[in-house]
Amino acid sequence: MATKMTAHGISTTVTPGTEQYEVFYTGYRTRCKQHYQYDYRHTDGELFSCVADTLKECRQRRDQWLNKK
């Protein structure tokens, strides 16, 4: 599956301090569920990436990660 967030398996989120996300679906018919793939490139160049059910949850995980740095 090709996405706008990766090129040859590498994240395209390269500018420090930026985020990218895209929605994808798992399941079939009535069991279809929405998820978010989320990438954030810290100002020091380190990449944070996660998958969650909501964009809000992704950003909360990012904030927790930032607080640990």
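Data block above holds the structure.
Let me begin by describing the structure that accompanies this report. (Residues numbered from 1 in each chain as written. Predicted model: local features only at pLDDT ≥ 70, side-chain atom pairs only at ≥ 80, totals over all residues. Heavy atoms only, no water.)

**Side note on the pattern of salt bridges**
Phase 1: Within the structure shown, the criterion is met by seven salt bridges.
Phase 2: Note that Lys69 is salt-bridged to Glu46, the shortest N-O span being 2.6 Å. With Lys69 in the segment after helix 1 (55–68) and Glu46 in the loop between strand 4 (33–41) and strand 5 (47–52), this residue pair connects regions lying 23 residues apart in the sequence.
Phase 3: Exposure remark for Lys69: the relative accessible area of 43% places this residue in the partly exposed category.
Phase 4: Judged by relative accessible area, which is 37%, Glu46 ranks as partly exposed.
Phase 5: Among the salt bridges present, the one from Glu57 reaches Arg61, with a minimum N-O distance of 2.7 Å. Of this pair, Glu57 and Arg61 both sit in helix 1, separated by four residues, roughly a single helical turn. (Salt bridge = Lys/Arg side-chain N within 4 Å of Asp/Glu carboxyl O. Helix = DSSP H or I, 4+ residues; strand = E, 2+ residues; numbered from the N terminus. Buried < 20%, exposed > 50% of the residue type's maximum accessible area, 1.4 Å probe, protein only.)

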